[in-house]
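One letter stands for each residue in the lines below.
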Amino acid sequence: SEVEAKEGSTLMENLKSEIERFKISSAELDEDRKKLRQSMARIERMQAETKNGQIEFNREITKKREEFDMWMQAERRNIEKDRMNIEREKRRLAHAKNGTITERKD
């Protein structure tokens, strides 16, 4: 009958409309997935850069600490040499004051 044909036609139109909406939603979801993958890749790159930066920073800190330790040891040796020279000079002055000259003991 004409009424059934009209209802069938309306159902087909509704179904076509639903299919179109589904296609649009599906395309939007695919786009969102693509953006999400790009964001995740960006985050992974940033994490790798941060990790590499941390490794480089640690390497640099270790190198600077070693340089500082070497400098500190050299300074201690210099201070010890200066202390020995001062002691030697004190002895020399004391002997000169007393009028005695002795051989160096070192």
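Residues numbered from 1 in each chain as written. Predicted model: local features only at pLDDT ≥ 70, side-chain atom pairs only at ≥ 80, totals over all residues. Heavy atoms only, no water.

**Here we look at the overall build of the protein chain**
Point 1. A tally of regular secondary structure across the protein chain gives one helix and zero strands.
Point 2. Along the three orthogonal principal directions, the C-alpha set of the protein chain runs to about 145 × 15 × 10 Å.
Point 3. In the protein chain, which comprises 106 residues, the share counted as buried stands at 0%.
Point 4. Working note: accessible area of the protein chain is about 10,300 Å², and carbon and sulfur atoms make up 57% of it. (Helix = DSSP H or I, 4+ residues; strand = E, 2+ residues; numbered from the N terminus. Buried < 20%, exposed > 50% of the residue type's maximum accessible area, 1.4 Å probe, protein only. Areas by Shrake-Rupley, 256 points an atom, 1.4 Å probe, with all protein chains shown as cover.)

**Topic: the packing of aromatic side chains**
Point 1. Scanning the model with the defined rule gives one aromatic pair in all.
Point 2. Between the aromatic rings of Phe 68 and Trp 71, the centroid separation amounts to 5.7 Å while the plane-to-plane angle is 35°, which identifies the pairing as tilted. One end of the pair, Phe 68, and the other, Trp 71, are both in helix H1 (residues 2-98), three residues apart, so they sit about a helical turn from each other.
Point 3. The partly exposed category is assigned to Trp 71, whose relative accessible area is 47%. (Phe/Tyr/Trp six-rings, centres within 6.5 Å; stacked < 30°, edge-to-face > 60°.)

**Let's talk about H1**
Three or four residues apart is the spacing at which side chains of an α-helix point the same way, because the helix has 3.6 residues per turn.
Point 1. For H1, which comprises 97 residues, the first-to-last C-alpha distance of 141 Å matches the rise-based estimate of 144 Å (1.5 Å per residue) to within 8%.
Point 2. Gly 99, located one to two residues past H1, shows a positive phi value of around 80°. (Expected span 1.5 Å × (residues − 1).)

**Side note on the environment of Arg 76**
Point 1. Mapped onto the secondary structure, Arg 76 falls in helix H1.
Point 2. On the basis of relative accessible area, Arg 76 is assigned to the exposed category, the value being 54%.
Point 3. Through-space distance from the C-alpha of Arg 76 to that of Asn 52 is 36 Å; in sequence the pair is 24 residues apart.

**Topic: the pattern of salt bridges**
Point 1. Tallied over the entire structure, the rule returns eight salt bridges.
Point 2. Measuring nitrogen to oxygen at the nearest pair gives 3.9 Å for the salt bridge that ties Glu 67 to Lys 64. With a gap of three residues between them, Glu 67 and Lys 64 both fall in helix H1, about one helical turn apart.
Point 3. Here Lys 90 makes a salt bridge to Glu 87, at a shortest N to O gap of 3.7 Å. (Salt bridge = Lys/Arg side-chain N within 4 Å of Asp/Glu carboxyl O.)

**A word on the environment of Gly 53**
Point 1. Here Gly 53 shows up in helix H1.
Point 2. Residue classification places Gly 53 among the partly exposed positions, given a relative accessible area of 36%.
Point 3. Separated by 40 residues in the primary sequence, Gly 53 and Glu 13 place their C-alpha atoms 59 Å from one another.

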